[in-house]
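An overview of the molecular structure
The primary structure of each chain is shown beneath.
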Amino acid sequence: MTWVNAVVQGLLLGGVYALYACGLSLVFGVLRIVNLAHGDLTVLAAFLALVVGQALGVHPLLTLLVVVPALAAAGYALQHAVLFPALRGGELAPLLVTFGLSVVLQNLLLEAFSADTRSLPAGTLGTAGLALTDLLSVGWLAVLTLGVAVAVLVGLQLLISRTAIGRAMRATSDDPETAQLMGLDDRKVYAVATAIAFATIAVAGVFSGMRGTFTPTLGPQLLIFAFEAVIIGGLGSLWGTLVGGLVLGVAQTVGAQIQPSYGVLAGHLVFLAVLAARPGGILRRAERR
Amino acid sequence: MNTGLTPLLRLVDVDAWYGHFQALRGIDLTVHDGETVAVIGANGAGKTTLLRSVMGTVTLSPQSRVELAGVELGSRRPHERVREGVTLVPEGRKLFPSLTVRENLEIAATRARGRWDLDSVYDLFPNLPLLARRAAGSLSGGEQQAVAIGRGLVANPRVLMLDEVSLGLAPVVVERLYGALAEIASSGMTMLVVEQDVGQALRIAKTVLCLRAGATVLAAPAAEVTAAAVTAAYFGASA
């Protein structure tokens, strides 16, 4: 039963990783940009939720009403004003911009909040659980997180495959120059894609803040987990991102079951094994539409 | 080449550059409303660059002027020029491979309403409805070219520009596509057609422009152009 428990808890942990990763997957899939500030933006969202929650005295879930639009607006502005002009400097320039943004965000958060460890108070949602058997129970917050991850990824998939803006994103991703010749404003398409990605980062930040603790310097670690989930599942594939998150979560909990200190290491090893055996990821990009 | 119609697209003293290489030299061209102009010339003559100068994807000298219906396109970005009413069917088709045929058409169809929509494009190319749900990247060259032309049409442009429609296609396919282009021209569409297949270009054009080394070496009504004149203009030799 302990192994079953490890797998079930791993799947639930995988929901968090899938949430971390969907914004990264979207930005890479559409813009071909690797956002090195992804983890720091997730931490920023958690801190923003902390400030809003304390200021308004509301549950962290309600702070999503502020944090999601705020991050989406920041994403739109960042893409429009900084990343798009940087794209003209080649593929390396946006990478360096996001690296710089990562450093700036970490230092600003350290300056504003110190290095203290924080968490978002989830209240009874954070402690309540459901006993499936005498030896197996799941936390409601973990189940909710996995459900939100699936909902976000399904929503993104529908947006990309069924809507005009999704079609524009796919066309611009295929061939930005020709997309312009068809009347698409690539700058606007990229900005909307980044805004949507940042909105998902906001959701990930709030849920990760409720499920665990965070510090201003946690970003790079979250980035690694998000990277691993995206690459295990398949670059540019949203369904792959979900699968990648679940595989990573199960690998970590099963590894920790073998030896508590092996948890994160087991995740890295599975990531390396997938990269070696199937460099395109478990699900390839073919089903992106 | 005044046909008595209204000038729609005008290029005045256009010089185009790729870095330090000058690709066009003092090009003057007027395309009148409803007219089809064919631009011919050997590889590297500047034909595609001429179309790129209209779309704003190549660097022009400051004195160069590109006007659509009297409005200078100036520093407008390519997508803004499309909204002004000029559309390019690019060389090599350049369909979006991950989109279906229908989605490729819809991408352009959202911009403007007019004579051309998905139904009229399907009437023009009757095999396209059967392919509507297929990924564009899986089509044959001829099918892709039909989609590319349809994609240009559904934008309902004031000027439709086509670059090397016949490139890499079997003669029977080219014949069919030029039949469709003749139908489009007869509907009143203004067209600027770049083509190496001189016979096909002259079949639908009222006016022909021949470029050599980035400069105009022949501009005449298509009906008055002789094979000898084309040969001389192409290769710079006396006929």
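Residues numbered from 1 in each chain as written. Chains lettered and ligands numbered in written order. Predicted model: local features only at pLDDT ≥ 70, side-chain atom pairs only at ≥ 80, totals over all residues. Heavy atoms only, no water.

1. As for the overall build of chain A
Looking only at helices and strands, one finds 12 helices and two strands in chain A. Overall, chain A shows an N-to-C arrangement of helices and strands of α-α-α-α-α-β-β-α-α-α-α-α-α-α. What you see for chain A is a C-alpha radius of gyration of 19 Å, in line with the 19 Å of a compact globule of 289 residues. With respect to the principal axes defined by its C-alpha atoms, chain A has extents near 65 × 45 × 30 Å. The buried share among the 289 residues of chain A stands at 51%. Of the side chains in chain A, 14 bear a positive and 12 a negative charge, and the two mean positions are spaced by 9 Å. (Helix = DSSP H or I, 4+ residues; strand = E, 2+ residues; numbered from the N terminus. Rg over C-alpha atoms; globule rule 2.2 N^0.38 Å. Buried < 20%, exposed > 50% of the residue type's maximum accessible area, 1.4 Å probe, protein only. Lys, Arg positive; Asp, Glu negative; His and termini not counted. Charge placed at Lys NZ, Arg CZ, Asp CG, Glu CD.)

2. Describing the side chain of Gln180(A)
Position of Gln180(A) among the secondary structure elements: in helix 8 (residues 176-181). Given a relative accessible area of 12%, Gln180(A) falls into the buried group. Look past the residues within four positions of Gln180(A) in its chain and what remains in contact with it is Asp186(A), Arg77(B), Pro78(B), His79(B) and Val82(B). (Contact = heavy atoms within 4.5 Å.)

3. Quick look at the packing of helix 1 (residues 2-31) of chain A against helix 11 (residues 238-258) of chain A
All names here are of chain A. Following both chains from N to C, one finds helix 1 and helix 11 inclined at 140°, their axes separated by 6 Å at the closest point. Between helix 1 and helix 11, the crossing angle belongs to the class labelled oblique. Seen from above, helix 1 lies across helix 11 with right-handed handedness. Taken together, the residues that form the contact of helix 1 with helix 11 break down as 16 nonpolar, 12 polar and no charged. (Axes fitted to C-alpha atoms, helices over the stretch in contact; angles between N-to-C directions. Parallel < 35°, antiparallel > 145°, perpendicular 65-115°, else oblique. Left-handed = near helix turned anticlockwise from the far one by under 90°. Nonpolar A, V, L, I, M, F, W, Y, C, P; charged D, E, K, R; others polar.)

4. Some thoughts on the environment of Lys206(B)
For Lys206(B), the location among the structural elements is in the loop between helix 8 (198-204) and strand 10 (207-212). Apart from the residues within four sequence positions on either side, Lys206(B) is in contact with Gly34(B), Glu35(B), Thr36(B), Pro221(B) and Ala222(B).

5. Concerning a nonpolar patch on the surface
Residue and element names in this part refer to chain A. Together, Trp3, Ile258, Tyr262, Leu265, Leu269, Leu272 and Leu275 make up an exposed nonpolar region whose accessible area comes to about 700 Å². Within the secondary structure layout, Leu272 lies in helix 12 (residues 263-277). Given a relative accessible area of 48%, Leu272 falls into the partly exposed group. (Patch = residues over 30% accessible without salt bridge, like charges linked within 9 Å, V, L, I, M, F, W, Y side chains within 5 Å. Areas by Shrake-Rupley, 256 points an atom, 1.4 Å probe, with all protein chains shown as cover. Salt bridge = Lys/Arg side-chain N within 4 Å of Asp/Glu carboxyl O.)

6. Quick look at the interface of chain A and chain B
Between chain A and chain B, the residue contacts involve 21 residues of the former and 22 residues of the latter. For the pair chain A and chain B, the summed buried surface comes to about 2,000 Å²; carbon and sulfur atoms form 57% of the total. Where chain A packs against chain B, one counts five salt bridges. With a shortest N-O distance of 3.3 Å, Arg77(B) and Asp185(A) are connected by a salt bridge. Where chain A packs against chain B, one counts seven residue pairs in polar contact (both at pLDDT 80 or more). Those elements that place two or more of their residues in the side of chain A that touches chain B are helix 7 (164-174), helix 8 and helix 9 (186-211) of chain A. Its residues assigned to classes, the side of chain A that touches chain B shows seven nonpolar, four polar and 10 charged. (Buried area = accessible area lost by both parts, 1.4 Å probe. Polar contact = N/O pair within 3.5 Å; in protein donor to acceptor, adjacent residues only side chain to side chain.)

7. Re the sheet that holds strand 8 (residues 159-163) of chain B
Residues and elements named next belong to chain B. Spatially, the six strands line up as an open sheet ordered 7-8-9-3-10-11, and their pairing is mixed. Each having just a single partner strand, strand 7 (86-89) and strand 11 (215-221) make up the two edges of the open sheet. Averaged over all neighbouring strand pairs, the angle between strand axes comes to 15°, with direction disregarded. Where strand 7 meets strand 8, four bridges bridge the pair, whose relative direction is parallel. Within the sheet, the bridge partner assigned to Thr87 lies in strand 8 and is Leu160. In this fold helix 1 (residues 47-55) packs onto strand 3 (36-40), strand 7, strand 8, strand 9 (190-194) and strand 10, with an angle of close to 145° to the strand it touches most, strand 8. Contacting strand 3, strand 8 and strand 9, helix 7 (residues 171-186) runs over the sheet at an angle of about 150° to strand 9. (Pairing = 2+ DSSP bridges.)

8. Quick notes on the pairing of strand 5 (residues 65-68) of chain B
Residue and element names in this part refer to chain B. Bridge analysis of strand 1 (residues 7-18) against strand 5 gives four bridges, and the strand direction is antiparallel. Paired with Leu9 across the bridge in strand 5 is Leu68. Of the strand pairs in this sheet, strand 5 and strand 6 (residues 71-72) are connected by two bridges, and their pairing is antiparallel. Across the sheet, the residue bridging to Leu68 is Val71, located in strand 6. Counting the residues between successive antiparallel strands, the hairpin from strand 5 to strand 6 contains two residues, one of them, Ala69, with a positive phi of roughly 50°.

9. What to know about the side chain of Asp175(A)
Mapped onto the fold, Asp175(A) is located in the loop between helix 7 and helix 8. Buried and unpaired, Asp175(A) has Lys94(B) as its nearest opposite-charge partner, separated by 5.1 Å. A polar contact of 2.6 Å, which involves the side chain of Asp175(A), links it to the side chain of Thr178(A). Dropping the residues within four chain positions of it, Asp175(A) is found in contact with Lys94(B) and Phe96(B).

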